[in-house]
Amino acid sequence: MASTTQLVGTPVVPGIAHGPVLLARGEIAQSALDSFDPAAFPDADSALGRYDEVAAAVADGFAAKADRASGAAAEVLTASAGLARDKGLRGAVQKELAAGDDLLTAVRKAVDSFVAIFTSMGGLMAERATDLRDIERRMVARIVGEPEPGVPVPEQPCILVAGDLAPADTAGLDPEVVLALVTERGGPTSHTAIIARQLGIPCVVGTAGVLDVAPEARVLVDGTAGTVEVDPDHEDAERRVAADREARAATAAWAGPGRTSDGKPVRILANVADGESARSAAQAPVEGVGLFRTELSFLNRKDEPSVEEQAEIYGEVLDAFAEPGPGGQDRYVVVRTLDAGSDKPLAFANLTDEENPALGVRGLRLSFDNPGLLDRQLDGIARASEAAGTETWVMAPMVATVAEAADFAAHVRARGLKAGVMVEVPSAALLAHQMLAAVDFLSIGTNDLTQYTMAADRMATDLAHLTDAWQPAVLQLIAITAEAGRQAQKSVGVCGEAAADPLLACALVGMGITSLSMAAAAVRPVGAMLASVTSEQCEDAAEAALAAPDPQAAREAVRTVLSGS
Ligand code: PEP
Ligand code: MG
């Protein structure tokens, strides 16, 4: 029997997966670079031959990834493939080799000279320097016989292990091939967690030691317990995967609409990023979209898209929900205006370097100095809404004052759309009554609300116990907001990751939350859980959660109330 090491992290997406590790590396190990032997290539021709092989492999890797990606991500990957095959770059390597340099030095010097040229050209060309450096690292890795840094192209079903993952890193990841995500850094509300939910694959973050796992190892990831077992007993691992698959099949049978067992309606909605994720979410038993993160369509954009182009991109999402859902009900889409800044900077919107970007000019605040940015986006949304005929609500991120909410609502209503704001800043929750007097609906972004309530960076591994929406202070703010909605008889939803937690979702409903928006993959687990409990149990769960002294006690209290024991 194999000896097993167990690593422990923070569980973020439940489910069990077993497979070989695929390591997404940041840097190439110095020991690998030191082991390179220039004598392996006796002359310039043989070194150039190896360069050709390596350049082709790197280019093919980008091209394969581009095939699986869409939109801007595909464009960037295709451009990188072209750059890796570039004849000019090859010529520069050839020149250095002819001058007597070894292959590694020749590649470095050639890339340095191209970077210098691109940088001196400025603008768009200068930004390609980063892509060149990425290509260089990938080529150097192949030359010294190491796996490529960054997210490699999986060739077989695998468990993707990384330091952390950025949204652009994961463009085109295929959930059929990437069975689970494990990261060394990041908390439960990091973008790795959000991406894993979108892909519907088990995920554990903040897993100390996972980058030291041997590349050829097999691991068993338990996204409920937050454990990663290295080289587990094969049969036992496969049995656990099969049992998990069976449990998932039971949940998969849930077909909506969102209701407690005694018939209290709760709108179950999807979080989407673009047309592709919207079309896929439209197949799920949801009543629409509760959060369309528009900024994710523009992460790789250097320039602001025109109103026409924006209308086209938003139209893809609205079109996906133009027809009634599987239950025959009309559907609607909540579009969030650009939430650029902090962990999602946009080249055309975030113009200054900030000491503390999470507390800086992000979200709606970008429009203070640049009102045209918001107006053009609202024009694009209004145009798309008119063309699609889908009911469209629009909300702003990072709203801190009632005046901001009222001003935003005026801009949205001027275009005939329903206006709301996100509750992500504690001030907005505390003023929920006044906020609701100014807008038509509220949507609680529990990821940021938790970050700002607990003064704990949502990306900080060491603070995962604080960046937990089950924290009593966060639950109190949610309860205040939900109660304000009940009194005003206006919709108050939750669209942060808390909505995707089946236990917490029931407690939220008990507080008076009227809609829950989540990654499409979480829809059935949450819907099935709600369908198995009464509205009275949800109210008892809310009371128990609010009375608990800490997150763990709150989880246990809610589990007890909901299981009826
Ligand atoms: C949130 O903060 O909860 C939210 C939904 O917004 P994002 O995760 O995109 O910051
Ligand atoms: Mg947010």
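Calculation rules
Residues numbered from 1 in each chain as written. Chains lettered and ligands numbered in written order. Predicted model: local features only at pLDDT ≥ 70, side-chain atom pairs only at ≥ 80, totals over all residues. Heavy atoms only, no water. Donors = N, O, S within 2.8 Å, 3.2 Å for Na, K, Ca; no water. Helix = DSSP H or I, 4+ residues; strand = E, 2+ residues; numbered from the N terminus. Salt bridge = Lys/Arg side-chain N within 4 Å of Asp/Glu carboxyl O. Buried < 20%, exposed > 50% of the residue type's maximum accessible area, 1.4 Å probe, protein only. 1 Å grid on protein atoms, 1.4 Å probe; cavity = no way out; pocket = protein on both sides within 12 Å on 5 of 7 lines; lining within 4 Å. Points joined across faces, edges and corners; volume = space filled by probe spheres on them. Nonpolar A, V, L, I, M, F, W, Y, C, P; charged D, E, K, R; others polar.

A.B. asks: It is not clear to me how the coordination of the magnesium ion (ligand 2) should be interpreted in this structure. Could you clarify?
C.D. replies: Ideal coordination angles are 109.5 degrees for a metal with four donors arranged tetrahedrally and 90 or 180 degrees for a metal with six donors arranged octahedrally. Protein ligation of the magnesium ion (ligand 2) involves Glu424 (OE) and Asp448 (OD), the donor distances falling in the range 2.0 to 2.1 Å. Taken together, the positions of glutamate 424 in the loop between strand S13 (418-423) and helix H14 (426-430) and aspartate 448 in helix H16 (residues 446-454) put the pair 24 residues apart, joining distant regions of the chain.

A.B. asks: Looking at this model, I keep getting lost on the pattern of salt bridges. Mind explaining?
C.D. replies: Where charged atoms of side chains with opposite charge meet at close range, the side chains can pair. For the coordinates displayed, the defined rule picks out 31 salt bridges. Between arginine 239 and aspartate 236 there is a salt bridge; the shortest N-O distance is 2.3 Å. Placement of both arginine 239 and aspartate 236 in helix H8 (residues 234-252) is noted, with a separation of three residues, approximately one turn of the helix. Residue classification places arginine 239 among the exposed residues on the basis of a relative accessible area of 53%. In this structure aspartate 236 comes out as partly exposed when scored by relative accessible area, which is 28%. Among the charged side chains, a salt-bridge network with shared partners connects Glu295, Arg336, Asp339, Lys344, Arg362, Asp448 and Arg458.

A.B. asks: How do you make sense of empty space enclosed by the protein when you look at a structure like this?
C.D. replies: Applying the stated criterion across every chain, the model contains five cavities of 30 Å³ or more. Within this model, the largest cavity holds a volume of roughly 90 Å³. Lining the largest cavity, in full, are Thr337, Leu338, Gly363, Leu364, Leu366, Ser367, Leu373, Leu374, Gln377 and Pro397. Mapped onto the lining of the largest cavity, the elements with two or more residues apiece are helix H11 (366-369) and helix H12 (371-388). It is H12 that contributes the most residues to the lining of the largest cavity, three residues altogether. Each residue belonging to the lining of the largest cavity can be placed in one class, and the counts come to six nonpolar, four polar and no charged.

A.B. asks: Explain unusual backbone geometry here, please?
C.D. replies: Negative phi characterises most residues that are not glycine, and trans characterises most peptide bonds. Put simply, glycine 256 and proline 257 share a cis peptide bond, and its omega is -5°. Considering the arrangement of structural elements, one finds proline 257 in the loop between H8 and strand S9 (267-272). Notably, aspartate 231 is not glycine yet its phi reads approximately 50°, a positive angle. Tracing the backbone through its elements, the reader meets aspartate 231 in the loop between strand S8 (227-230) and H8. Look at aspartate 231 and you get partly exposed, because its relative accessible area is 33%. The phi torsion at glutamine 489 lies on the positive side, around 55°, for a residue other than glycine. Mapped onto the elements of the fold, glutamine 489 is located in the loop between helix H17 (472-488) and strand S15 (491-494). Using a relative accessible area of 73% as the deciding quantity, one classes glutamine 489 as exposed.

A.B. asks: Explain the environment of glutamate 355 to me, please; I cannot follow it from the model alone.
C.D. replies: Considering the arrangement of structural elements, one finds glutamate 355 in the loop between strand S11 (332-336) and H11. Overall, glutamate 355 belongs to the exposed group, its relative accessible area being 86%. When the C-alpha atoms of glutamate 355 and glycine 187 are compared, they prove to be 21 Å apart, with 168 residues separating the residues in sequence.

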